[in-house]
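If you want the building blocks of each chain, they are given just below.
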Amino acid sequence: MKSEYEIAVVFDPQLSVDLDKATNKVDQIFKTASAKVVNIDNWGKKNLAYKIGQHSEGIYVFYNIEVEGSQVGKIESTLNITDEVIRYLVVKVDHKKAEKIEKLKEIKKSKMPAVASEKKES
């Protein structure tokens, strides 16, 4: 049974000119594992929280994929030896928790305008 995973990939910042080649390489890794890419979110170049090797910046790209659980280890091991990738993180998406978080965000948003209007009256 296929499950949904979110994979955060930090690419070498020197690849900003040729990022397509690196992302195509990662796409090929997913295709080899029979994964279906649901969404790709490119955050661009950001500062790292700490240095990784000689890098203080990285290009962040987030992938949402559907894949068999047995293939995740193969994806991780391939990402681990890919030169363009300086760090990655694979997380299984928990839809129940995601729905709960969305509900909490909606509740928080509905309470925010009331708080803002109270501050204006003071």
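Conventions used here
- Residues numbered from 1 in each chain as written.
- Predicted model: local features only at pLDDT ≥ 70, side-chain atom pairs only at ≥ 80, totals over all residues.
- Heavy atoms only, no water.
- Buried < 20%, exposed > 50% of the residue type's maximum accessible area, 1.4 Å probe, protein only.
- Helix = DSSP H or I, 4+ residues; strand = E, 2+ residues; numbered from the N terminus.
- Arc of directions from axis to C-beta.
- Contact = heavy atoms within 4.5 Å.
- Core = buried A, V, L, I, M, F, W, Y, C linked by side-chain atoms within 4.5 Å.
- Phe/Tyr/Trp six-rings, centres within 6.5 Å; stacked < 30°, edge-to-face > 60°.
- Axes fitted to C-alpha atoms, helices over the stretch in contact; angles between N-to-C directions.
- Parallel < 35°, antiparallel > 145°, perpendicular 65-115°, else oblique.
- Left-handed = near helix turned anticlockwise from the far one by under 90°.
- Pairing = 2+ DSSP bridges.

Q: For this particular structure, what's the right way to read helix 2 (residues 72-80)?
A: Since the α-helix turns once every 3.6 residues, residues separated by three or four places project in the same direction. The complete set of buried residues in helix 2 reads Val72, Ile75 and Leu79. With its buried residues spanning 60° around the axis, helix 2 presents them on a single face. Seen from the open side of helix 2, the exposed residues pointing more than 90 degrees away from its buried face are Lys74 and Asn80. Taken together, the buried residues of helix 2 touch strand 1 (2-11), helix 1 (19-32), strand 3 (55-68) and strand 4 (85-92).

Q: What's the story with the nonpolar core in this structure? I'm lost.
A: A general feature of soluble globular proteins is that nonpolar side chains tend to end up buried together. Judged by nonpolar contacts, the single largest core of 22 residues is most densely connected at Ile7, Phe11, Phe30, Tyr63, Ile65 and Ile75. Those elements that provide at least two residues to this core are strand 1, helix 1, strand 3, helix 2 and strand 4. Membership of the second largest hydrophobic core comes to seven residues, among which are Ala8, Ile52, Phe62 and Ile86.

Q: Please clarify how the packing of aromatic side chains should be interpreted in this entry.
A: Geometrically, a pair of aromatic rings is defined through the distance of the ring centres and the angle of the planes. Within this structure, the stated rule accounts for two aromatic pairs. Ring centres of Phe30 and Tyr63 lie 5.2 Å apart, and the angle between their planes is 75°; this geometry places the pair in the edge-to-face category. Residue Phe30 is located in helix 1, and its partner Tyr63 is located in strand 3; the two are separated by 33 residues in the primary sequence. Where Trp43 meets Phe62, the ring centres are 4.5 Å apart and the plane angle is 45°; that geometry is what we call tilted. In this pair, Trp43 is assigned in strand 2 (residues 36-52) and Phe62 in strand 3, connecting sequence segments 19 residues apart. Relative accessible area serves as the criterion here: at 47%, Trp43 is assigned to the partly exposed category.

Q: Could you clarify how one ought to interpret the packing of helix 1 against helix 2 in this entry?
A: The packing of two helices is summarised by the inter-axis angle and the distance between the axes. Close contact between helix 1 and helix 2 brings their axes to 9 Å; oriented N to C, the two are set at 155°. Our classification of the angle between helix 1 and helix 2 gives roughly antiparallel. For the element pair helix 1 and helix 2, the recorded crossing hand is right-handed. For the pair formed by helix 1 and helix 2, the contact residues are Val26, Ile29 and Phe30 on the first element and Ile75, Thr78 and Leu79 on the second.

Q: In this structure, what is going on with the pairing of strand 2? I would like to understand it.
A: Two faces make up the sheet, and in a regular strand the side chains alternate between them. The pairing of strand 2 with strand 3 spans 11 bridges and is antiparallel. Directly across from Asn42, in strand 3, lies its bridge partner Val61.

Q: Any chance you could explain the sheet that holds strand 2 here in plain terms?
A: Hydrogen bonding along the main chain pairs the strands of a sheet, whether they run parallel or antiparallel. Spatial strand order, 2-3-1-4: four strands in an open sheet with antiparallel pairing. Across the chains shown, the open sheet's two edge strands, defined by having one partner strand only, are strand 2 and strand 4. Taken pair by pair, the neighbouring strands of this sheet meet at an average axis angle of 20°, ignoring direction. Contacts from helix 1 reach strand 1, strand 2, strand 3 and strand 4 within the one sheet, and its direction differs from that of strand 3 by about 30°. Taken strand by strand, helix 2 contacts strand 1, strand 3 and strand 4, and its axis lies near 165° from that of strand 4.

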